[in-house]
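Observations on the three-dimensional arrangement
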Amino acid sequence: MTAGVSLAAGRGYLAIPGPSVIPDAVLQAMHRPSPNIYAGELVEMTATLIPDLRRVARTDHHVAIYISNGHGAWEAALQNTLKPGDTVLVASSGRFAIGWSEMAEALGIEVELLDFGTGAPWDMDRIASHLAADTAHRIKAVLAVHVDTSSSIRNDVAAMRAALEACDHPALLMADCIASLGCDRFEMDAWGVDVMVSACQKGLMVPAGMGFVFFSPKAAEARARLPRVSRYWDWEPRANPEEFYQYFGGTAPTHHLYGLRAALDLIHGEGMEAVWARHHHLARAIWAACGAWGADGPLRMNVQDVALRSNAVTSLHLGGDHATRLRAWVEQTLGLTLGIGLGMAAPNSPEWHGFLRLGHMGHVNGQMIMGLLGGVDAGLKALEIPHGSGALEAAASVIAVAGSTETSAPSGLSCCG
């Protein structure tokens with residue numbers, strides 16, 4: 001074979017932590033002429049999305065759909081519950097909690113930030129003390145990122161609700177599940193979450209363009225107390241529309257809705273427990289490979305404690321410029337795209353080039369993950385980046401065991417399992 005030949009022809013593999021791989025069924029559902037937006041099949045089909053979205057979020061409460069990304073869902077959650085001068089508590093374990101706090105500050109909301117860095121989960125004792133000290137109940141909401149896409153840390157949302165209840169604090173609990181919904185177990189009602197935000201381009205497997213805000217009756221009461229709500233961001237007509245256009249504040253995102261219908265059919269056809277179990281086992285295969293590579297080389301997983309790792313994304317550190325070189329090699333040579341390191345070092349700093357992320361969310365299966373790991377292994381060898389051996393064998397062993405057992409979620413699989 002000629003040196004330097006490209007092996008990238010064929011279908012590429014986007015292994016970044018969102019947008020995720022889009023199923024053929026979703027693409028085919030979207031490949032159609034524009035429908036009538038006033039009557040007919042689109043109107044009827046959209047009504048079927050609401051209960052199935054609730055099933056993914058594990059809630060009986062309301063859902064509002066926005067033509068937006070996750071940042072739009074952040075703003076919608078804040079606009080419908082808080083006013084300028086209100087105070088929120090933000091617990092941060094990565095860049096996206098910081099981003100949500102910046103959104104709040106831009107709306108005139110006061111932010112009390114507890115920053116636990118990029119390598120540790122929330123310190124629940126410190127959070128509990130902070131809440132208990134707020135005897136005047138100035139804090140109106142707690143902004144909690146379930147899985148931070150930058151650090152790949154998965155936080156314990158149920159423990160946050162327990163901390164609020166322990167000191168009888170009335171603050172709303174808001175959860176960002178943009179990275180985790182449909183990948184990591186999330187139980188909105190059982191965990192006592194008042195507002196949950198997400199988007200369509202990760203675990204829901206639809207091209208970016210729709211945001212979702214799920215909200216409880218308590219959150220609806222907070223919105224009712226506000227002196228005013230932006231007409232566009234107001235979730236009331238979206239969640240309880242009298243006319244079809246009110247679902248979206250105007251023209252519907254027609255083709256995204258057809259794609260979402262197909263994606264929800266895939267998710268519920270597989271079953272939520274099975275979806276969570278698949279992500280759990282595939283993530284463990286990735287971690288097994290990363291552990292083998294890191295046994296004799298610079299590679300390390302950002303989250304050392306297995307119980308705190310997301311099943312949707314894995315943040316890695318290679319040091320030097322190894323990560324940038326590896327990403328470039330696998331994309332140009334193999335057609336495999338890995339995620340940049342985000343929020344782990346200052347942009348344009350030398351350290352930035354030492355971080356990367358592997359996305360394993362949504363429409364992924366065992367052979368795809370083995371292909372991803374094989375591509376990384378080839379890149380490490382081609383670039384002579386020091387690494388331990390046996391990574392693919394370790395991953396294959398995990399998949400072999402998973403494939404020989406029941407496909408339902410293991411009994412230990414929970415918010416932190």
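Conventions adopted
Residues numbered from 1 in each chain as written. Predicted model: local features only at pLDDT ≥ 70, side-chain atom pairs only at ≥ 80, totals over all residues. Heavy atoms only, no water. Pairing = 2+ DSSP bridges. Helix = DSSP H or I, 4+ residues; strand = E, 2+ residues; numbered from the N terminus. Axes fitted to C-alpha atoms, helices over the stretch in contact; angles between N-to-C directions. Contact = heavy atoms within 4.5 Å. Phe/Tyr/Trp six-rings, centres within 6.5 Å; stacked < 30°, edge-to-face > 60°. Buried < 20%, exposed > 50% of the residue type's maximum accessible area, 1.4 Å probe, protein only. Lys NZ or Arg CZ within 6 Å of the ring centre and 35° of its normal. UniProt positions renumbered as here; feature names shortened; annotations may be inferred.

**Comments concerning the sheet that holds strand 8 (residues 211–215)**
Strand order in the open sheet made by the seven strands is 2-8-7-6-5-3-4, with mixed pairing throughout. With one partner strand each, in any of the chains shown, strand 2 (62–66) and strand 4 (110–115) form the two edges of the open sheet. Geometrically, the sheet is characterised by an average inter-axis angle of 20° between neighbouring strands, direction not taken into account. Here helix 4 (residues 95–106) sits on the sheet and contacts strand 3 (87–92), strand 4, strand 5 (139–145), strand 6 (172–176) and strand 7 (195–199); the angle it forms with strand 3, its principal contact strand, is near 165°.

**Section: the packing of aromatic side chains**
Tallied over the entire structure, the rule returns eight aromatic pairs. Taken together, a centroid distance of 3.9 Å and an interplanar angle of 5° make the contact between F215 and W235 stacked. With F215 in strand 8 and W235 in helix 8 (residues 235–239), this pair connects stretches of sequence that are 20 residues apart. Since its relative accessible area comes to 0%, F215 is described here as buried. Each member of the aromatic cluster is reached from another via a ring pair, and the members are Y66, Y232 and W233. A cation over an aromatic ring shows up here: R238 above the ring of Y232, its NZ or CZ 4.6 Å from the ring centre. When the ring centre of W287 is taken as reference, the NZ or CZ atom of R309 above it lies at 5.1 Å.

**A word on the sheet that holds strand 10 (residues 313–317)**
Sheets are built from strands that pair by backbone hydrogen bonding, the pairs being arranged parallel or antiparallel. Reading across the sheet, the five strands line up as 1-11-12-10-9 and stay open at both edges, with mixed pairing between neighbours. At either end of the open sheet lies a strand with only one pairing partner, and these are strand 1 (13–15) and strand 9 (300–301). In the sheet, strand 9 pairs with strand 10 via two bridges, with the strands oriented antiparallel. Pairing of R300 across the sheet is with H317, part of strand 10. Most of the contacts of helix 12 (residues 366–382) go to strand 11 (residues 336–340), to which it runs at about 80°, and overall it touches strand 1, strand 11 and strand 12 (355–359).

**Quick look at the UniProt feature "domain: Aminotransferase class V" (unreviewed entry) in the protein chain**
Under the local residue numbering, the UniProt record ascribes the feature "domain: Aminotransferase class V" (unreviewed entry) to residues 61–338. With 39% helix and 18% strand, residues 61–338 has its two end C-alpha atoms placed 36 Å apart.

**So, the pairing of strand 4**
Two faces make up the sheet, and in a regular strand the side chains alternate between them. Pairing between strand 3 and strand 4: six bridges, direction parallel. Within strand 4, the residue paired with V90 across the bridge is L113.

**Quick look at the environment of D24**
Considering the arrangement of structural elements, one finds D24 in helix 1 (residues 24–30). Its relative accessible area of 34% is what places D24 among the partly exposed residues.

**Structural notes on the environment of E41**
By the element assignment, E41 lies in helix 2 (residues 41–57). Between the alpha carbons of E41 and V229 there is a distance of 32 Å; along the sequence they are 188 residues apart. Beyond its immediate chain neighbours, meaning those up to four positions away, E41 contacts R32 and Y258.

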